Every structure is written in structure tokens, then in C-alpha cells.
Amino acid sequence: MSNRKYYLTTPIYYVNAAPHIGHAYTTIAAETIARLKRMQGYDVVLTSGTDEHGTKVERAAKAKGKTPKEYADIISADFQSTWKKLELQIDRFQRTTNENHARIVNELFERCLANGYIYKGTYTGLYAVVSEAFVNDAKPGDLDPETGKPYEEVTEENYFFKLSAFTERLLEYYEANPNFIRPDFRKNEVVAFVKQGLVDLSITRTSITWGIPVNHDPKHVFYVWFDALTTYMSAVDGEGRWPADLHLIGKEILRFHAVFWPAFLMAAGWELPKEVFAHGWLLFENDKMSKTRGNIVRPAPISETMGVDALRYFLLREIVFGQDGSFSFDALVGRYNSDLANGLGNLASRTLSMIQQYRGGVVPDAECDAAIGEAVTGGTAAALDAYEKFEFSRALEAIWNIISVVDKFIVERAPWKLAKDPHAQRKLDETLLTSAEALRVVTALVSPALPHAAQAIWRQLGFNEPVAALRTDALAWGSALAGQKIAEIKGVFPRLDLKPTVEKMQELEIVEKNRQAEMMGVPKTAEVAAAPVYIDIDDFTRVDLRVGQVKSAEPVKGADKLLHLKVDIGEAEPRTIVAGIALAYKPEQLIGRKVVIVANLAPRKLRGITSQGMIVAASLEGGAPVLAAFLEDVPVGARLK
RNA sequence: GCCGGUGUAGCUCAGGUGGUUAGAGCGACGGUCUCAUAAUCCGUAGGUCGGAGGUUCAACUCCUCCCGCCGGCACCA
């Protein structure tokens, strides 16, 4: 075994959502990299895990009548069983509720404290429960766009991390380590963000009980990111593996990994991870997947119907790694049939069958065709190069290019004709050996991406050692296949009919969705039941809602979303109202229109204009507001009660 | 609004530093072989290379402006 080590991580997944294809995407990519690095001779550890603390979990658990830990146990187990179903080899699965984790988090805190980067302060602010963050810009009474409920006002004593002290050091670090953040365009975004200057970070809470206690001051528990990021260290506690070589993450959590995490580590005097790679999002037919849209795809129905390698192949081949990609069931089956069934599967099938028929199942001894050898060698180099850069789609493209060359070669040689010609037996041997050798290399080459199919073909080629045990030297052209007895031939990627296959997956999808909903306790209704925000009639009448008519409307300079409105609500002068509806309404659509106004909202300056009220609109997922309106005609100034 | 990216055949995309008829894969259509999973292989598909200007002997490739889309920030929520 080599002493070269490679440690990579998936994110730890938050247990307020059930496993979906997005989680699977990250984990599959990470596992592919792990296999690749093993092939390159590294001693690899891949970790994943679950993030289990916080208010949201506390509430979801309560709604289900469980303790937070019981609840987290269930969801965490579901993540683990999902990875098992997808046959993903995860070496360590770390939970934020594991005991060794609390110790490391506290150690991180103590070191930061000792080094003067943590101080105690108080914070009064509005707290968004869903995103578990204080909201800086909101005012009392504002609604959380994610829940539609008011922010909660919280005053508490917190420990703060002096993130502001790291602005320069981080920028220097990015500069000195150009590969720390990938892809490049993401690095630029992070640099731009940091350059604006960083604000200190509250890292503990006293208002929450479901979290890791701060030993230094047990009234406090740790804030989500201070807690969660540290799993990357606690997962390999005592193994001498830190620092990690790679954190593979989705783009939505890049800031935490590329700014907060390195700052924490610098403060503690610990080593930083070598690289943070943020991949893009998986869209469903070009739309964002979301609970409200109801278009979330789960991995299990796909793997059960088409096999885990079909899912792996689609994700790695169809999507340019790093960019957003689009998933659809049709494209999934299309890729499967054209590339896996007709391409790799068929090449294996025809090559092995011919050896079986013409040579009794023994690979003949002959010379390999030199031109094919060159093509395979060149393709192998191209694939390895792309793999190394995590350009999976290119790597697979290069491999499929080899497959195409070999298919052409077989047709040109026409072994079925050679077989009938007693004078062409040597040429037939050459053809069969060359094809088999190419199949051998191709199989080894795809094995990080398609481990199970590769293993099946590998066995059929007559090898007993697992394909996963191969090292890159096995990719060299011309190794001794001659004389090898092949095993029983069995198609690895049977062709699938588009329609029934998609229908089957969609049926299973519904079953899986229901199962998950049951497991989660149907969070939507549960949440309302758990935390009803009642107001009495007096509270309501404090809100002065009036019918107004838009007199004028114009865009606000320097803002995409704002319109500057003058609204007549029956007062001497029309009100000036700045509303964030410019993306949904053109000024001319609004003039003359009756709208509902909150007349007694405290004035607020927006982009230099003082807004004397707020316009009432339905807030939809995805942003576009829809103005409240009346079916009957109503006079300007009328009060809503 | 600022910063970055992007817009090439039905779909997904290649096309360093400008130069003969703009490419690939998939899909579609036609043909072929029969070892193979109605697979393979061969051929065809004629797309104003987002729009308008400009530089140049010559621009998909350089410059300017405009339009669309994506991302980050601001802003909104």
C-alpha cells in the first residue's frame, strides 16, 4: 500500500430534508474521485455525514412527537441507507451528534478563544428560523420570505468570531493558493465577496437547546456552521489525515467553506484544506428543484429501475462538472441506451461472444493491432487527464471515443468472415485479441465512474481480482490477455424501452416521496401546528390597510427590483411608495390600478427615496410578486378590516 | 445598477494567439453487415456562428454598442 494519502469529503447533509438526487450527485461525484485516487495509488478516505442540530430540527422533531435526537437518528439512517442502496463506498459517516465531534468543536473554540479571535457580545436582532441566521436588514414585522411568517425578535448574549480580522489573510491565501477554490469563476466570486470586508460572526446561541454545549460557557450551544464544518476534522479524528485534500460541495455553501472555515482554522492555528470544489446545481428540466414546485427527484427509483451505474453515468457524463446541469427522465434513458447499451454494453457483448464462438472462450495468442493500440493509448491519456481535472464528462467522452474506434475496427476486420476463411485464422486471432485488449483497457478506465458494470465485464473477461484493485499501470496497452479463459457472458446494460422505463421510475418516485413524507412527518403542516403565531384582533387593527390608486410609477435608478410609486389613498397628497415589484410589473401596467397599501408602516429610505408605506402582494416561490386586488370596484382610501 | 460568464445545426456542446467548403455526439432519414443488446458500420441532414456597427486584404474567432440568458454582489423580499 502506498503511503500517499488522500482525504476527501462530501458535505454533511442537513436532516431537515430527505435524501434527494442533489445529495446523491455530490456523493456520487465524490465517490468517483475516491475510486480514481485509489486507482492512482493513494490511500483514500472518503467521508460523508449528517448535520443534525438547530432550531429547525428541534421543531420538526417536536411536530413528530420525538426528541431531536430520535428524529435525527431516523433521517441520518435514511441518508446512510440511501448511500448503501446506491452502493456508494463511504469510509466514515460522521454525525454532528457523535460524541467525539463535540470534543473537537470545543477544541476549535478554545483555540480560537486562546488566540484572541473570539469575544463575547450581545446581539439584538431578528432571527429567521428557516435559514437559522440573524437578518440584518429586516425591520420588526417584516415577513420571512421563506415561511411567510414574521421574523422572531431575539436578544441574546453570543460569542462572536472575529471574522473581520481575516479579510487580508484570506485574500493573501487565495492569491498564494490559486487552486484552493475551484472552479475559477467561483474563486472570483469569493474574492469579490471578501474584498468588501468581512463582518464578525455570531457562533453561539443561548436561545437554542438542541446543539453542542460550549464547555467554556455551558449556557451556550454552538451555531450551525461552527459545529457543522468541524465534522471534517472529527470524522477522521486520530487518523492523522487532516488536512483534507478536497471538500466537494454544492455552490450554495461555498462561502462557508471558502471563507468561514479557513478563517476558523487560521484562528485556531490549524492547517487548511487543500481544495474546495463547488459543483453546480442539478435542475429538473431547467427548473430549480424545490419542495413547493414538487419536482424533487429521488435517486432510489432510478437506481432500482436502471441500476446505480446508469445514474452515475448520466450525472457524470451529461453535466459539465462545476456548472449547473439539467436532469430529465427522458435524457437519462436516452443516454443509457445510446451510450451504455449500444456503446459499452454492446462492445463487451460482441467481443466476448466472438471469442466464445470462434475460439472456445479462450483469448487467442497473436499480435495486437498497432493502430488500435495507439488510439487506445491516446484515448487513455486524454481520459486520465480529464479525470485529474474532475472533468468527468470529458473523460467519459474520451473513453467512448475509444469504444467507437474499436467498433469501427471490428466492422472493418469482419471477424465473422475471417472465421469462415481457413487462411485468415491468424488475422482473426489478431482481431479478437485486439478487441479484447481494448475492452480490457476501457473497462478499467471507466471503473471509477461505473464500478459495478466494470466489475461485471472484468469478471467476464476472465479476471478474478476485483477491478477496484487495479492501479493506473493496468491501463497500459498490450498486457497479457492471450490464453485467458473468459467467463460466462451476460449483458451488463440491457436496452430499455423509453416509455415503460420512465413510467416505472415515476411510479416508484411517488412511493418514495410518500415514504419520505411519512418519515419527515410532513413538515409543512407540522410546522404550522407546532408553532402557530396567533395575533388578536387588536394586533390586526393596528395594521392600517387601505385601498389606493396608483397615480404614477417609474423605475428607481440603480435598482432592478424597485418601482417608485405615487399612490392616492384619499389623503391630501398621494403617498410615495417604493415597492420591490419591478421584475413583475411594468410602470405603465400599474398606473390607475387599485392596490392595497399598508398605510402605517414606518417610513423607510430605499435607494434614497423615503417609502411611506408598503404595497401588499402575494409572495410566490421563485420571487415574482402578485398584487392584491378587488373584483368589485372600491373607493380610494377605503380601509380593510 | 456593478462584476463575471454566456448566446454556434432539433438537442448537448467543440471551435489557444483572426485566414481555404464552421465541427462532434445524440436525435431524424436512407443504406449496409450479421459477431453483438432491432445493436455496429456507412451516408445525408445545408446552422445569417444572438443583433448592429467597426478594425482588417480576411472575423465565429479582435473592438464598440444593443438584446437574451446564467451566476455573484448591491437592492428587494
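Keep in mind it's a predicted model, so treat the numbers as computed, not measured.

Participant: Before we move on, could you go through the overall build of chain A and cite the residues and values that matter?
Facilitator: Along the backbone of chain A there are 21 helices and 24 strands. Across chain A, the fraction of contacts at a sequence separation of at least 24, relative to all contacts at a separation of at least 6, is 75%. When the accessible surface of chain A is totalled, it reaches about 28,800 Å², and 51% of it is carbon and sulfur.

Participant: Describe the pairing of strand β11 (residues 246–250), listing the residues and the values that go with them.
Facilitator: Taken residue by residue, a regular strand's side chains alternate between the two faces of the sheet. Judged by how many residues are buried, β11 sits mostly within the fold: five of five residues are covered. The pairing of strand β1 (residues 5–14) with β11 spans two bridges and is parallel. Looking across to β11, one finds that Leu8 is bridged to Leu246. With helix α9 (residues 254–268) bridging β11 and its parallel neighbour strand β12 (residues 276–279), the resulting β-α-β unit is right-handed.

Participant: Give me the lowdown on the protein's contact with RNA strand B, citing residues and values where you can.
Facilitator: Around RNA strand B there are 35 residues in total, and Gln196, Arg255, Gly345, Asp560 and Leu606 lie nearest to it. Between Ala341 and RNA strand B, the recorded distance is 3.4 Å, taken from a backbone N or O atom to a base nitrogen. Here a sugar or linking oxygen of RNA strand B sits 3.3 Å away from a polar atom, N or O, in the side chain of Tyr358. When residues of the surface near RNA strand B are traced back to their parent elements, those giving at least two are α6 (184–195), α12 (329–359), α14 (392–413) and β19 (604–606). Among the elements that line the surface near RNA strand B, the one with the most residues is α12, at 11 residues. For the surface near RNA strand B, the class distribution of residues is 11 nonpolar, 11 polar and 13 charged.

Participant: Describe the pattern of salt bridges, listing the residues and the values that go with them.
Facilitator: All told, the structure shown has 33 salt bridges when counted by the stated rule. Among the salt bridges present, the one from Glu509 reaches Arg298, with a minimum N-O distance of 2.8 Å. Highlighted residues: Glu509 in helix α18 (residues 498–520) and Arg298 in the loop between β13 (282–284) and α10 (299–306), separated in sequence by 211 residues. Arg298 carries the same exposure label as Glu509, and that label is buried. Arg350 is the partner of Asp407 in a salt bridge, and the nearest nitrogen-oxygen pair spans 2.6 Å. Of the two residues, Asp407 is situated in helix α14 and Arg350 in helix α12; the sequence distance between them amounts to 57 residues. Judged by relative accessible area, Asp407 falls into the buried class, the value being 18%. Take Arg350: its relative accessible area is 22%, and that puts it in the partly exposed class. Put simply, Asp43, Arg92, Glu239 and Arg241 are held in one network by salt bridges that share partners.

Participant: Tell me about the confidence of the model for chain A, and please be specific about residues and values.
Facilitator: In this model, chain A carries an average pLDDT of 86, and 90% of its residues clear a pLDDT of 70 or more. Summarising per-element confidence for chain A, the mean pLDDT is lowest in helix α19 (residues 523–530) (36) and highest in helix α17 (residues 451–460) (97). Overall, residues 135–140 carries pLDDT values under 50, and its contacts beyond four positions in sequence, including any with other chains, amount to 11 contacts. Note on residues 523–533: pLDDT under 50 across the span, and 10 contacts to partners over four residues away in sequence or across chains. Predicted complex metrics record ipTM = 0.90 and pTM = 0.82.

Cut-offs used in this document
- Residues numbered from 1 in each chain as written.
- Chains lettered and ligands numbered in written order.
- Predicted model: local features only at pLDDT ≥ 70, side-chain atom pairs only at ≥ 80, totals over all residues.
- Heavy atoms only, no water.
- Helix = DSSP H or I, 4+ residues; strand = E, 2+ residues; numbered from the N terminus.
- Contact = heavy atoms within 4.5 Å.
- Areas by Shrake-Rupley, 256 points an atom, 1.4 Å probe, with all protein chains shown as cover.
- Buried < 20%, exposed > 50% of the residue type's maximum accessible area, 1.4 Å probe, protein only.
- Pairing = 2+ DSSP bridges.
- Right-handed = clockwise from strand over helix to strand, strands pointing away.
- Near = heavy atom within 4 Å.
- Polar contact = N/O pair within 3.5 Å; in protein donor to acceptor, adjacent residues only side chain to side chain.
- Nonpolar A, V, L, I, M, F, W, Y, C, P; charged D, E, K, R; others polar.
- Salt bridge = Lys/Arg side-chain N within 4 Å of Asp/Glu carboxyl O.
- pLDDT = per-residue confidence, 0-100.

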